[in-house]
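These are the residues of each chain, in order.
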Amino acid sequence: MAVLVGKKAPDFTAQAVVNGNEIIKEFSLSNYAGQYVLLFFYPKDFSGICPYEFYAFQARKEEFEAKGVQIIAVSTDSEISHLNWLQKEKADGGIKGITYPLVADTSKTIAHNYDVLNGEWTYDEEGNLSASGEMIAYRGLFLINKEGVVMHQVVNFFTLVRSVNETLRMVETLQTFEDKGEICFLD
């Protein structure tokens, strides 16, 4: 697993669903230059564990935004799959009501560049990808600062969900250091 902490976050452009219902053809990380970004990867749309995390981040979205942090989710599913999932009610396994962007990494290059892509793959001499296993993302989470540098990274196996409280604590710790030049422990 590559460590991206301290390095420039890999930029990307891909299709995404924003505001729960609008497909954007060229959604780019670079559009968030000068802002904090919480970029998180998840395995698949319509999976049993994912709705919990999605609603947990949505419930705290205003807190993240008050700290200047934009939330972006990424999976290797298509934008059409994202849109369909966003139209289904929570009781039916959907994520209706989620308003932060869901990026469609159908080429798998975003997950590959962040080193969260599961499966074995190689490239032939012509640059074509040959894969074995299910090419889906692990649960990666990256906190990117205003300069576009990865400041925090955590990667979990598919079944291990992340803590929104811990993520907010990491944002607060980073911002306290940037504002005061002090390293502190916020509990």
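Each remark here, short or long, concerns the structure printed above.
Residues numbered from 1 in each chain as written. Predicted model: local features only at pLDDT ≥ 70, side-chain atom pairs only at ≥ 80, totals over all residues. Heavy atoms only, no water.

To continue, consider helix α3 (residues 79–87). Looking only at α3, the buried set comprises E79, S81, H82, W85 and L86. In a view along the axis of α3, the buried residues occupy a sector of 155°, so they form one face of it. (Buried < 20%, exposed > 50% of the residue type's maximum accessible area, 1.4 Å probe, protein only. Helix = DSSP H or I, 4+ residues; strand = E, 2+ residues; numbered from the N terminus. Arc of directions from axis to C-beta.)

Inspection of the secondary structure assignment puts S30 in the loop between β2 (22–28) and β3 (36–41). Residue classification places S30 among the partly exposed positions, given a relative accessible area of 40%. As a C-alpha pair, S30 and G48 span 18 residues in sequence and 31 Å in three-dimensional space.

We now examine the packing of aromatic side chains. Considering all chains together, one arrives at 16 aromatic pairs under this definition. Relative to F54, the ring of Y42 has its centre 4.7 Å away and its plane inclined at 90°; by these criteria the two rings are edge-to-face. Taken together, the positions of Y42 in the loop between β3 and α1 (50–59) and F54 in helix α1 put the pair 12 residues apart, joining distant regions of the chain. For the pair shown, Y42 and F54 are each scored as buried. Ring geometry for F57 and F64: centres 6.1 Å apart, planes at 45°, overall tilted. For F64, a relative accessible area of 0% puts it in the buried group. Aromatic rings pair up to connect F40, Y42, F46, F54, F57, F64, W85 and Y100 into one cluster. (Phe/Tyr/Trp six-rings, centres within 6.5 Å; stacked < 30°, edge-to-face > 60°.)

Limitation: the analysis is restricted to geometry and does not speak to function.
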